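Chain residues, written in single-letter form:
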Amino acid sequence: MKRTDVLGLSVPLVALILWQAMALLKHSPLFPGPFEVALAIGSHFREIAGQLGYTLMRAAIGFAIAVASMVPLGIFLGRFHKIGRLLEPVIDMLATLPPPAVVPLVMLFTGTGDAAKIVVIAYAAAVPLLMNTYEASYSVHPMMNRVARSLQLGKFETMLHVDLPASLPMIATGARLALASSLLVSITSEMLLSTNGIGVFLQRSQEYFSIDAGLAGIAFISLTGLIINALMFKLEKRWLYWHYREAA
Amino acid sequence: MKSLLRTFVSVAILLGVWQLVYIVGIVPEKYFPSVLSLLAAFWQMLMSGELAKGELMTFSRAALGLSAASLLGVTLAILADLYPVFGRGFRYISDVLQPIPPAAVVPMAVFSLGLGIKLYAFVIILVTVWPAYMNGVAALSSVSPVQLAAGRSLGCSRLELLRHIKLPAAMPEIFTGIRYAATIALIAVIVSEMLAGRDGLGFMIFKKAFANRTPEVFALMFVVAINGVALNALVNGLRWLVTGWHIRMMERTE
């Protein structure tokens, strides 16, 4: 650790002290301080971890569906650019439609069970994946196209052996965004269509006026987000080392 | 002009496919209204005035929240640039706060902030400051050393350096962040309205969905999507005003 790293710790520390002071002043169970939240983490640990499991599982399934469908579609639209250009405005419009706005609609089709949530998650993850894949696949360096042609690769082979690998770095960026939003939407969809999961845990905490437990839940969400982000970064560095080597 | 035509064609195709699905009848009509009944629902909501009211609520909340969050983000980024210790320390906080979804904050904040403007402001700002802040910090610290040296040899003080060199150089990247934040702001508004709202488009969508009024739900979703486009256009216009020199420069080199 460097000196600024250590000195920097004072900023969150001051924030925590301020928070605690405000909580002491308010002196209300509806405004717990960091100390109460830490206690709540201890007493609700099991329940939170269990509920978080459901949330993560649905997020993972939705994300996987989005990757499996949107990466091929993006590559295809990039290669057959005429079709891609025609769909561009539709994609742009979908990109601005917030995933939670889709929830009520999906609810009409699939009820409020796992399927509904997974559909919404997949939709949320699909948008950044499709946009990034499409963008990358259509801006593949022209030289690569010529190489593919002189190797007499067919359209399908070109997509598989040229477009896909060349697009991977941008797909990875899209995947990172998509993963973050699948976790986010997974929680949101649980709060809107409650059955189980960490979102429901948060709702219950509100209904029982135990805000400290709710904040404990939020702390777990934030920790999960941090871990996932760090993991993605590591994997990206390992699998796409050739890209980083070139960029450096 | 050409892109306008393209948009027109693709919207026409979208509506055509929509109507085709309706005619073929794969999906029950109850869930998949025809384009006509969709338009009728839109018209009816427009005439009754509820659409305009909800739209005004949602859009003003998103736009105001986004502006406040962007200003705060840039201010924090400047502070982080002036005081490295603060910058490093604030990164601990931003790392922890960034992954928190807006939906999770709403129920916890309701008791302290009520159901009014304070709640919306808190939720929107909490989730939308990060892109402007992150991009701001990155851009301010990566200004070309040559430009800084030029400024210094002209006798600029630290603040003048920031005002005349670093900030203008960082603006394009900051706006990229704000554009991303615009999407998040709209999501945050809609979610807050769904969970704790008494008005606005998010509240309306939920109410209509529970009343099984599918055409209205679809129509409202289109309106929400158009809101996203409008918010984007607003940010783009501002970006042109503030960093027009940069955009023109980029176009010339292409």
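Here is what the cut-offs are and how they apply
Residues numbered from 1 in each chain as written. Chains lettered and ligands numbered in written order. Predicted model: local features only at pLDDT ≥ 70, side-chain atom pairs only at ≥ 80, totals over all residues. Heavy atoms only, no water. Helix = DSSP H or I, 4+ residues; strand = E, 2+ residues; numbered from the N terminus. Rg over C-alpha atoms; globule rule 2.2 N^0.38 Å. Buried < 20%, exposed > 50% of the residue type's maximum accessible area, 1.4 Å probe, protein only. Contact = heavy atoms within 4.5 Å. Lys, Arg positive; Asp, Glu negative; His and termini not counted. Charge placed at Lys NZ, Arg CZ, Asp CG, Glu CD. pLDDT = per-residue confidence, 0-100. Expected span 1.5 Å × (residues − 1). Arc of directions from axis to C-beta. Phe/Tyr/Trp six-rings, centres within 6.5 Å; stacked < 30°, edge-to-face > 60°. Lys NZ or Arg CZ within 6 Å of the ring centre and 35° of its normal. Axes fitted to C-alpha atoms, helices over the stretch in contact; angles between N-to-C directions. Left-handed = near helix turned anticlockwise from the far one by under 90°. Nonpolar A, V, L, I, M, F, W, Y, C, P; charged D, E, K, R; others polar. Parallel < 35°, antiparallel > 145°, perpendicular 65-115°, else oblique. Bend = angle between axes of the 7 residues up to and from the residue. Salt bridge = Lys/Arg side-chain N within 4 Å of Asp/Glu carboxyl O. Buried area = accessible area lost by both parts, 1.4 Å probe.

Draft legend 1. Broad picture of the overall build of chain A. Each helix and strand in chain A was counted, giving 11 helices and 0 strands. Secondary structure elements of chain A occur, N-terminal to C-terminal, as α-α-α-α-α-α-α-α-α-α-α. For 248 residues, the compact-globule estimate of 2.2 N^0.38 gives 18 Å, and chain A exceeds it by more than 25% at 22 Å. Each principal axis of the C-alpha atoms in chain A carries an extent, and together these give about 75 × 55 × 30 Å. Taken over 248 residues, chain A has a buried fraction of 45%. Relative to all contacts within chain A whose residues are 6 or more apart in sequence, the contacts with residues 24 or more apart total 75%. Charge separation in chain A, taken as the distance between the mean sites of 18 positive and 14 negative side-chain charges, equals 8 Å.

Draft legend 2. Inspection of the confidence of the model for chain B at higher detail. Residue and element names in this part refer to chain B. In the predicted model, chain B carries a mean pLDDT of 84, and the fraction of residues at 70 or more is 94%. Model confidence for chain B, summarised as mean pLDDT per element, is weakest for helix α1 (residues 2-24) at 76 and strongest for helix α3 (residues 50-82) at 91. Here the predicted complex carries an ipTM of 0.75, next to a pTM of 0.81.

Draft legend 3. Inspection of helix α2 (residues 35-48) of chain B at higher detail. All names here are of chain B. For α2, spanning 14 residues, the distance from its first C-alpha to its last is 20 Å, which sits close to the expected 20 Å at 1.5 Å a residue. Within α2, burial applies to Val-35, Leu-38, Ala-41 and Met-45. Along α2, the residues classed as buried sweep out an arc of 125° about the axis, all on the same side. Opposite its buried face, α2 presents the exposed residues Leu-36, Leu-39, Trp-43 and Met-47, each directed more than 90 degrees away. At the C-terminal side of α2, Gly-49 shows a positive phi close to 85°.

Draft legend 4. Representation of the packing of aromatic side chains within the structure. Under the defined criterion, the tally for this structure stands at 7 aromatic pairs over all chains. Arranged with centres 4.9 Å apart and planes meeting at 40°, the rings of A:Phe76 and A:Phe80 form a pair that is tilted. Aromatic side chains B:Trp130 and B:Tyr133 sit 6.4 Å apart centroid to centroid with 80° between the ring planes, which places their arrangement in the edge-to-face category. Residue B:Trp130 and its partner B:Tyr133 are located together in helix α6 (residues 117-141), separated by 3 residues, close to a single helical turn. The class of B:Tyr133 is buried, set by a relative accessible area of 3%. Across from the ring centre of B:Tyr120, 4.0 Å away, lies the NZ or CZ of B:Arg61, which sits over that ring. Sitting over the face of the ring of B:Tyr92, B:Arg88 holds its NZ or CZ atom 4.3 Å from the ring centroid.

Draft legend 5. Local environment of the packing of α3(B) against helix α8 (residues 158-196) of chain B. Residues and elements named next belong to chain B. Contact geometry for α3 and α8: axes closest at 7 Å, N-to-C directions at 145°. Between α3 and α8 lies a crossing of right-handed hand. Of the residues contributing to the contact of α3 with α8, the split by class is 16 nonpolar, 2 polar and 5 charged.

Draft legend 6. Spotlight on the packing of α3(B) against α6(B). All names here are of chain B. As a packed pair, α3 and α6 sit with axes 6 Å apart at the nearest point and diverge in direction by 40°. Classed by the angle they form, the pair α3 and α6 counts as oblique. Here α3 runs over α6; the crossing is right-handed. In the contact of α3 with α6, the residues fall into 16 nonpolar, 6 polar and 2 charged.

Draft legend 7. Focus on helix α4 (residues 81-95) of chain A. The largest bend in α4(A) comes to about 45°, at A:Leu87, with the proline A:Pro89 one to four residues further on. A:His81, A:Gly84, A:Pro89, A:Val90 and A:Ile91 are the residues of α4(A) that are buried.

Draft legend 8. Geometry of the pattern of salt bridges. Tallied over the full model, the rule gives 11 salt bridges over all chains. Notably, a salt bridge pairs B:Glu50 with B:Lys208, separated by 3.5 Å at the nearest N-O pair. Highlighted residues: B:Glu50 in helix α3 and B:Lys208 in helix α9 (residues 201-210), separated in sequence by 158 residues. The exposure class assigned to B:Glu50 is partly exposed, which follows from its relative accessible area of 23%. One network of salt bridges, in which partners are shared, links A:Arg58, A:Asp114 and A:Glu190.

Draft legend 9. Examining the interface of chain A and chain B more closely. Residue-level contacts link 49 residues of chain A with 53 residues of chain B. Taken over both partners, the interface formed by chain A and chain B buries close to 4,500 Å², and the fraction arising from carbon and sulfur atoms is 82%. Together, A:Met93, A:Thr96 and A:Leu108 form the three largest contributors to the area buried by chain A at its contact with chain B, with a combined 13%. Where chain A packs against chain B, one counts 1 salt bridge. Residues B:Arg88 and A:Asp5 are paired through a salt bridge, measuring 2.6 Å at the closest nitrogen-oxygen approach.

Draft legend 10. Highlighting unusual backbone geometry. Residue and element names in this part refer to chain A. A positive phi angle is found at Gln-152, which is not glycine, with a value near 55°. Assignment of secondary structure puts Gln-152 in the loop between α7 (142-150) and α8 (155-192). According to the relative accessible area criterion, Gln-152 is exposed, its value standing at 70%. One non-glycine residue, Phe-209, adopts positive backbone phi at about 60°.

Draft legend 11. View of the environment of A:Leu30. With respect to the secondary-structure elements, A:Leu30 resides in the loop between α2 (10-26) and α3 (34-79). In this structure A:Leu30 comes out as partly exposed when scored by relative accessible area, which is 26%. Measuring from C-alpha to C-alpha, the distance between A:Leu30 and A:Gln206 comes to 9.4 Å, with 176 residues separating the pair along the chain. Once residues lying within four places of it in the same chain are set aside, the contact partners of A:Leu30 are A:Phe209, A:Ile211, B:Phe111 and B:Ser112.

Draft legend 12. How the structure looks around the environment of B:Val17. Residues and elements named next belong to chain B. On the secondary structure map, Val-17 appears in helix α1. With a relative accessible area of 47%, Val-17 lands in the partly exposed category. As a C-alpha pair, Val-17 and Ile-165 span 148 residues in sequence and 52 Å in three-dimensional space.

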